[in-house]
Structures are given as structure tokens and as C-alpha cells.
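Here's the letter readout for the chains.
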Amino acid sequence: MRKKAMTIYLDYHASTPCDPSVVEAMLPYFLERFANPSSTVHKAGQRTANAVSAARQTVGDAIGALPAEIVFTAGATESNNLALQGLARAAPSDRRRIVSSVIEHKSVLQTLMFLQPQGFDVVLVPVDGEGSIDLAALVDAVDDTTAFVSVQAASNEIGTIQPLEEISQIAHRSGAAFHSDAAQAMGRIPIDVGAWGVDLMSLSGHKCYGPKGVGCLYVRGGVRAAPMDPLLFGGGQEGGLRPGTHNVPGIVGLAKAVEIATESRETETERIGVLRDRFEQLIAEQFPAVRRNGCVRRRLAGNSSLTFSGVDAEALIANLSDIAVSTGSACSSGAIDPSHVLTAIGLSREEAHETIRVGLGRFTMEGEVLTAAAGIAEAAKSVLQASCPETAGAG
Ligand SMILES: *Cc1c(COP(=O)(O)O)cnc(C)c1O
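Residues numbered from 1 in each chain as written. Predicted model: local features only at pLDDT ≥ 70, side-chain atom pairs only at ≥ 80, totals over all residues. Heavy atoms only, no water.

Remarks on the overall build of the protein chain
For the record, the criterion: By definition, any uninterrupted DSSP run of H or I lasting at least four residues is a helix, any uninterrupted run of E lasting at least two residues is a strand, and each is numbered from the N terminus. Computation of the radius of gyration draws on C-alpha atoms, with the globule rule given as 2.2 Å multiplied by the number of residues to the power 0.38. Residue contacts are defined here by distance: any two heavy atoms, one from each residue, within 4.5 Å place the two residues in contact. Computed by Shrake-Rupley with a 1.4 Å probe, the accessible areas treat only the displayed protein chains as cover when residues are assessed. Charged-residue counts in this description rest on Lys and Arg as positive and Asp and Glu as negative, His and the chain ends being excluded. Lysine's charge is taken at NZ, arginine's at CZ, aspartate's at CG and glutamate's at CD.
Looking only at helices and strands, one finds 13 helices and 13 strands in the protein chain. For the protein chain, the C-alpha radius of gyration of 22 Å lies close to 21 Å, the compact-globule estimate for 395 residues. Dimensions of the protein chain along its principal axes, counting C-alpha atoms only, are 75 × 60 × 30 Å. Long-range contacts, defined here as pairs at least 24 residues apart, represent 72% of the contacts in the protein chain between residues at least 6 apart. Element-wise, carbon and sulfur atoms account for 54% of the exposed surface of the protein chain, whose accessible area totals about 16,900 Å². Distance between charge centroids for the protein chain: 6 Å, based on 33 positive and 43 negative side chains.

A word on the environment of Glu 314
In plain terms, the rule: The cut-offs for exposure are 20% and 50% of the maximum accessible area for each residue type, with area from a 1.4 Å probe on protein chains only; residues under the lower value are buried, those over the upper are exposed, and the others partly exposed.
Here Glu 314 lies in helix 10 (residues 313-318). Overall, Glu 314 belongs to the partly exposed group, its relative accessible area being 49%. Along the sequence, Glu 314 and Ile 356 sit 42 residues apart, while their C-alpha atoms lie 8.6 Å from each other.

A closer look at the domain arrangement of the protein chain
Reports of interface size often rely on the accessible area that becomes lost once the parts have come together. To keep things clear, this is the line we draw: An automatic or database domain assignment supplies the start and end points of every domain. Throughout, the accessible surface (probe 1.4 Å) given up by two parts as they are put together, summed over both, is called the buried area. For this analysis, a salt bridge means a side-chain nitrogen from Lys or Arg found within 4 Å of a carboxyl oxygen belonging to Asp or Glu.
The domain architecture assigned to the protein chain consists of domain 1 (8-16 + 265-391) and domain 2 (20-260). The C-alpha centroid of domain 2 is placed 29 Å from the C-alpha centroid of domain 1. Listed per partner, the contact involves 32 residues of domain 1 and 35 residues of domain 2. Buried surface at the junction of domain 1 and domain 2, both sides included, amounts to about 2,800 Å², of which 53% is carbon and sulfur. Inspection of the region where domain 1 meets domain 2 yields one salt bridge.

Description of the site of the ligand
Cut-off, in case you're wondering: The nearness test applies per residue and asks whether one of its heavy atoms lies within 4 Å of the molecule or strand. Side-chain atoms alone can form a polar contact between residues adjacent in sequence; in general such a contact is a pair of N or O atoms within 3.5 Å, and within protein one must be able to donate a hydrogen while the other accepts it. Amino acids are sorted into nonpolar (Ala, Val, Leu, Ile, Met, Phe, Trp, Tyr, Cys and Pro), charged (Asp, Glu, Lys and Arg) and polar (every other residue, Gly among them).
Every residue lining the ligand is accounted for by Gly 75, Ala 76, Thr 77, His 105, Ser 107, Asn 156, Asp 181, Ala 183, Gln 184, Ser 204, His 206 and Lys 207. Here Ala 76 contributes a backbone N or O atom positioned 3.0 Å from an oxygen atom of the ligand. One of the side-chain nitrogen or oxygen atoms of Lys 207 is found 2.7 Å away from an oxygen atom of the ligand. Its residues placed into classes, the shell around the ligand shows two nonpolar, eight polar and two charged.

Quick word on the sheet that holds strand 12 (residues 326-327)
Where we set the bar: Pairing between strands is defined by DSSP: at least two bridges between the two strands are required. Axis lines are fitted to C-alpha atoms, over the contacting stretch for helices. Their N-to-C directions set the angle, which ranges from 0 to 180 degrees.
The strand order across the open sheet built from four strands is 9-10-13-12, with neighbouring strands paired in antiparallel fashion. Since the sheet does not close on itself, it has two edges, and those belong to strand 9 (290-293) and strand 12, each with one partner. Of the strands in this sheet, strand 9, strand 10 (303-308) and strand 13 (355-359) touch helix 9 (residues 248-286), which is tilted by about 10° from strand 10.

With respect to the packing of helix 4 (residues 76-90) against helix 5 (residues 106-115)
Two quantities define a packed helix pair, namely the angle between the axes and the distance from one axis to the other. Keep this limit in mind: An angle below 35 degrees is read as roughly parallel, one above 145 as roughly antiparallel, one from 65 to 115 as roughly perpendicular, and any other as oblique. Less than a right angle of anticlockwise turn of the near helix away from the far helix marks a crossing as left-handed, whereas a clockwise turn marks it as right-handed.
Packing of helix 4 against helix 5 brings their axes to within 9 Å, and their N-to-C directions diverge by 30°. With respect to helix 5, the axis of helix 4 lies roughly parallel. Crossing of helix 4 against helix 5: the hand is right-handed. In this structure, helix 4 contributes Thr 77, Asn 80, Asn 81, Leu 84, Gln 85 and Ala 88 to the contact, and helix 5 contributes Ser 107, Val 108, Thr 111, Leu 112, Phe 114 and Leu 115.

Looking at unusual backbone geometry
Phi angles above zero are rare outside glycine, and Glu 238 is one such case at about 55°. Tracing the backbone through its elements, the reader meets Glu 238 in the loop between strand 8 (215-219) and helix 9. Judged by relative accessible area, Glu 238 falls into the buried class, the value being 6%. Here Asp 322, not a glycine, exhibits a phi torsion of approximately 60°, which is positive. If you trace the backbone, Asp 322 turns up in the loop between helix 10 and strand 11 (323-324).

A word on the packing of helix 3 (residues 43-63) against helix 9
Where helix 3 contacts helix 9, the two axes come as close as 9 Å, and the packing angle between them is 30°. Relative to helix 9, the element helix 3 is oriented roughly parallel. Seen along the crossing, helix 3 lies across helix 9 with a hand that is left-handed. The residues of helix 9 that touch helix 3, namely those facing Thr 48, Ala 51, Val 52, Ala 55, Thr 58, Val 59 and Ala 62, are Val 248, Ile 251, Val 252, Leu 254, Ala 255, Val 258, Glu 259 and Thr 262. Each residue belonging to the contact of helix 3 with helix 9 can be placed in one class, and the counts come to eleven nonpolar, three polar and one charged.

Remarks on the pattern of salt bridges
Going through the model one piece at a time under the given rule, you end up with 15 salt bridges. Salt-bridge contacts for Arg 220 lead to Asp 199; the nearest nitrogen and oxygen are separated by 3.4 Å. Of this pair, Arg 220 sits in the loop between strand 8 and helix 9 while Asp 199 sits in the loop between helix 8 (193-196) and strand 7 (200-204), and the two are 21 residues apart along the sequence. When the shortest N-O distance is used, the salt bridge between Arg 278 and Glu 366 registers 3.2 Å. Placement of Arg 278 in helix 9 and of Glu 366 in helix 13 (residues 366-394) is noted, with a sequence separation of 88 residues between them. On the basis of relative accessibility, which here comes to 44%, the residue Glu 366 falls in the partly exposed class. Three or more residues are tied together by salt bridges with common partners; here these are Asp 19, Glu 268 and Arg 362.

Here's what the structure looks like:
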């Protein structure tokens, strides 16, 4: 029998595997400690309530927040929706403007498109060729009618890290609140809600080696003082801001993942950065016409967004055997439209369709990087060769 080769997984921006320690921490909460943490009349419920409290403390400590400022949700999509819809509904009538950026995740952009016809003036600020927000345009966009500003911490497509300290100052100068989608930041860059000046911030479990379907929203000043309305009703959990029985195993797993991410961030990002640079160098040696997207100075260590001139990315990926990489954004793959992030940094539709997104992570090994670089460069060359006669004929 032939042994099936293991997939080389290089799509860590789309999702990360659970760290084994995370699974281990979660297991008792499925089997033995399953009591509802709101049922504190009995010991079993008190025990799970304590586990949720401990998790809240751990997540708060990791980002410089108080436990009371953490709202557990079902992931960053929900956190973004809660933050944006919540703030919009609670906004005073003389603050109907919302300012964000053109390269946000769809869970931010589509929420804003939902709010726009409800009387909100949504302004999306452009970015430069490296994906950094245009601060001068942001200054122009934010005024004293602005309810809030929402800008991501780092891009899931091109890895660009935004200058959140400066963005929060611009927002606060006009009395606007500041939200950031930091799903890609946990474990990859240091997070400090005080230094960043965020009033609300979204995190996701499965982007930092925790489980899927759990995340949190940081709310400055605490849940009970939150300047916003809930999306859901029907219980007192999370101060009423996010009712529903707590996902105890998920919350415990999220906290364990955040704890590991905080401890290992520095050594991990250094190792991954070296591997990523090696990967890009190997590709460039084999395929000199490759172009690297994103910001050279401020980019996530595991991110590599590459444009192969003249090579259709779908065809390239179809030529790879057992290497998991993505075209542009995973969320919009299957769609014909090119990635809105790639077009926002100035790529043509054609160039966007010639782009792959590679994400290295905790369990990426050097050997995998070497194999993947060789395989991707080889596939790019063979796709280019196959399409050359056609191009010559058409020309
Ligand atoms: C993955 C991701 C999300 C969505 O998170 P879920 O927990 O999967 O809902 C939002 N924003 C960014 C930047 C992401 O990378």
C-alpha cells in the first residue's frame, strides 16, 4: 500500500490547528465539568463559573485589560458585528458617520454596508501600495460627526500591520470611539489595549491555535458600562451584552491558546520570520518575476502574499500536490471577484488573480518550507509555459 503524503499546511491566516495543550485543557469541560456556569446554586456550576472567570482573567492579562472588559463571543465575526452594530445603534443623532478602511475583513465591511442604508455615512479610507492606511485621508475623514473608527490591527491577506496608536489618536481627537479587528494579531504582535488606545477590540480563537467558534470582544470600561446595545437578547450572561449559555470548553480553550500565544510570541515570530524570508528568497531564485505584496517594515512574520506575473493563481494551486495555500483571501475564494485587498493596494484584476497567499505558523517545519518553495516555483513555471503558446497566438 502506498503511504499518502502529509499535506504541507501553509494557510495559517485562514485557520490554525488547536495546540495540543489547548485540547487537553478543554477536554474535562466536555465530559465531567459540563455544568452550566450560570447554575451557581450547585458546586458543579460554581466550578465551571470559576473556569470562565479564570479564562476572563487570562485573556484580560494578555492584552492589558481588566477581566470585566472581556466579552466572550462565538468568534471575530460576531465580535466585529457586536462592536459595529452595537456602537452604531447607540450612537447619538449628531454622530452618524463611520470611518473604516478599504482593506478590512468582510465581517467589518459587510456590517458597514448593512448599516449604511440605516442613515450612516460610511467612509472607507484608502491605503498605500503596501497596505498601510493613508493617515492624511483618515484625518480628513474623521470629524465631530464621527461615531467611531474601525481599522484592523493586521491584514489576513497581505500581513500589513497598521499604526493603531496614531489611528486611535486621530479618532479620539474628534471624540469618536475606536474599534480594531485584531484577529490576526494575537501571538503575532504584542497587544496592549492601553498603548493602542482601542476602545473595542475583536479576537478569534482559531486564529491563535485555539478552537473555532469562540472569540471575544474587549470593551473599554467594562461590559456593564458599554456604550452599545446587544445583538442578542434572552439572558444575563456577559452583562447582558452577549446572552446565551457560555461555551465553556471553547472559552477555556481560548484562554489556554492566548496564554501560550503570549508566552511563545517572541521566539515563535522570530523563527517563523526566518522561514518566511527563506521561502521568499527560494521562490525569487526560481521565479525572478515574482512580486511580494504588503509592507516590508510592518508585516506579520508568517505572511507571504506573492504575485506571479503571467500565472493564473488557481491554475498554480491546481498544479500543487498536497500543499495548502490560498488565492488572495480564503473568504472570497470561489468568487470571481478579485480580492478587495489586493485591488486596494493597486494590483490590477489580472494581477490579483495571479496572487497566492501563504501563511506559515507554529507547526511549520523548515523541510516543509523548502519543499513548498520548490513545488510552488515549479508549478508557477509550468503554468507559465503552458499558457505561453496561447498568449503568443492571441498576440
Ligand atoms: C478570521 C478573521 C475574522 C473572522 O474570525 P472568525 O472567528 O472566523 O469569525 C475576522 N477578521 C480577521 C482579520 C480574520 O482574519
